Every structure is written in structure tokens, then in C-alpha cells.
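Chains, contacts and geometry: an overview
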Amino acid sequence: MELWLVRHGETLWNREGRLLGWTDLPLTAEGEAQAKRLKGALPSLPAFSSDLLRARRTAELAGFSPRLYPELREIHFGALEGAPWETLDPRYKEALLRFQGFHPPGGESLSAFQERVFRFLEGLKAPAVLFTHGGVVRAVLRALGEDGLVPPGSAVAVDWPRRVLVRLALDGEEATG
């Protein structure tokens, strides 16, 4: 099934290199510009979005009126929410880089996060555009045998649960994967 996974546009904490999970930050001016560049580049499919402002606003600026779902939220970083990457304890950095064994104090384990996201995807019955977060996109890509971070305001099309089809870069050029 064709799914388009869109990472929200830039926020201040993205720019500052801070962990951003459930804190509800708005898009920066650059984030709004990134979202506007998506308009017309995505297919006219039903749209679903994380209920957090940055994802909802990206969807709106891209020309969609999505249904909102908390299941599409980023991982809950708990006590690590807002922590700058450069000051993060090395064991948390390593777990995030490997995308395995991560469980922040007071937050959501990586396995619980993935279970939440995949349960939502399994409930989809038709192609869709999903406005979500970097961790969600990474979890899906890893489940399809790929890895990597997608920049804010970019999109990846996948044939769920089979393979990656297309990546839309920030400048709007397509690159197949």
C-alpha cells in the first residue's frame, strides 16, 4: 500500500539540535516555507497527521486537511525532552543512533513507540499521506530495511510494508530509493 510519510517543517528545537518529542512547538519561518514547498508535490490522497501543532501546520500549509491521531506523534523523550544533543549522555546517544534499546527516564521506550506507530499503520486500509515526525519516518524506513534521518519538511513514499519508493528532498527534487 502506498504511503507518503512527511516530516514536519523545522522548529526552533530542530534548529538548536534539541530532542523534541511531545512538546508542542510551532514551525519556524523556515519550517513554514518548507511546508509550503510541499504543496502540489504530494498526491491527492486521504491525509492523517500527528495531533501536534508542527505536523498539523505542515499539513495545512501543504494543502491538506488531515484527520489527527496521537499515534503519529514522535517518541516521548520524558526527562530528556529539550536536551541538547551535544550534552546528551553517551549511552542515550548510542541507543538513538543505533535506534535500539532506547528508553528515556519517564518517557516511552523505543519498542513501545514502534508498536504504537506500526499498529496505526496496520489499521490503514488505503493509500494515504501521513504528516508526522522524524522518529516515525525512521521507524518505518528501518522496518523496510533502510535507515537514515529525513530532513524537516521532506517526504518519503513507501510501499508499506514492502519497500521505499520515492524520497522528496527539501528542494522538491525527487530521488528514488
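In the nomenclature of an unreviewed UniProt entry, the protein corresponds to Alpha-ribazole phosphatase from the organism Thermus scotoductus.

**Topic: the UniProt feature "binding site: substrate" (unreviewed entry) in the protein**
On the UniProt side, "binding site: substrate" (unreviewed entry) is annotated at positions that read Arg-7, His-8, Gly-9, Glu-10, Thr-11, Leu-12, Trp-13, Asn-14 and Arg-54 here. Put simply, the named residues that line the largest pocket are Arg-7, His-8, Asn-14 and Arg-54. With respect to the helices and strands, Asn-14 occurs in helix 1 (residues 12-16). Asn-14 has contacts with Arg-7, His-8, Gly-9 and Leu-20, leaving out every residue within four places of it along the chain. Here Arg-54 shows up in helix 3 (residues 53-61). Judged by relative accessible area, which is 0%, Arg-54 ranks as buried. Aside from chain neighbours lying at most four places away, what touches Arg-54 is His-8, Thr-11, Leu-20, Gly-21, Thr-23, Asp-24, Leu-25, Leu-27, Glu-74 and His-133. A polar atom in the side chain of Arg-54 sits 2.5 Å from the backbone oxygen of Gly-21.

**So, the pattern of salt bridges**
This structure, assessed with the given rule, holds 14 salt bridges. Across the salt bridge formed by Asp-147 and Arg-138, the nearest N and O atoms sit 2.7 Å from each other. Residue classification places Arg-138 among the buried residues on the basis of a relative accessible area of 9%. A single network of salt bridges, built from pairs that share partners, joins Glu-32, Arg-57 and Glu-60.

**Topic: the side chain of Ser-49**
Tracing the sequence through the fold places Ser-49 in strand 2 (residues 47-49). Looking at Ser-49, the relative accessible area reads 0%, which means it is buried.

**What about the environment of Val-129?**
Here Val-129 shows up in strand 4 (residues 128-132). Placed 26 residues apart in sequence, Val-129 and Ala-155 show a C-alpha to C-alpha distance of 9.4 Å. For Val-129, the residues in contact, after removing those within four places along its chain, are Trp-4, Val-6, Leu-42, Pro-43, Leu-45, Pro-46, Ala-47, Phe-48 and Phe-64.

**Topic: the nonpolar core**
Core analysis: the largest hydrophobic core is formed by 36 residues, its most contacted members being Phe-102, Leu-121, Leu-130, Val-140 and Val-158. Within the residue set of this core, elements represented by two or more residues are strand 1 (2-7), helix 4 (90-98), helix 5 (110-123), strand 4, helix 6 (134-143) and strand 5 (155-159).

Rules used throughout
- Residues numbered from 1 in each chain as written.
- Predicted model: local features only at pLDDT ≥ 70, side-chain atom pairs only at ≥ 80, totals over all residues.
- Heavy atoms only, no water.
- UniProt positions renumbered as here; feature names shortened; annotations may be inferred.
- 1 Å grid on protein atoms, 1.4 Å probe; cavity = no way out; pocket = protein on both sides within 12 Å on 5 of 7 lines; lining within 4 Å.
- Helix = DSSP H or I, 4+ residues; strand = E, 2+ residues; numbered from the N terminus.
- Contact = heavy atoms within 4.5 Å.
- Buried < 20%, exposed > 50% of the residue type's maximum accessible area, 1.4 Å probe, protein only.
- Polar contact = N/O pair within 3.5 Å; in protein donor to acceptor, adjacent residues only side chain to side chain.
- Salt bridge = Lys/Arg side-chain N within 4 Å of Asp/Glu carboxyl O.
- Core = buried A, V, L, I, M, F, W, Y, C linked by side-chain atoms within 4.5 Å.

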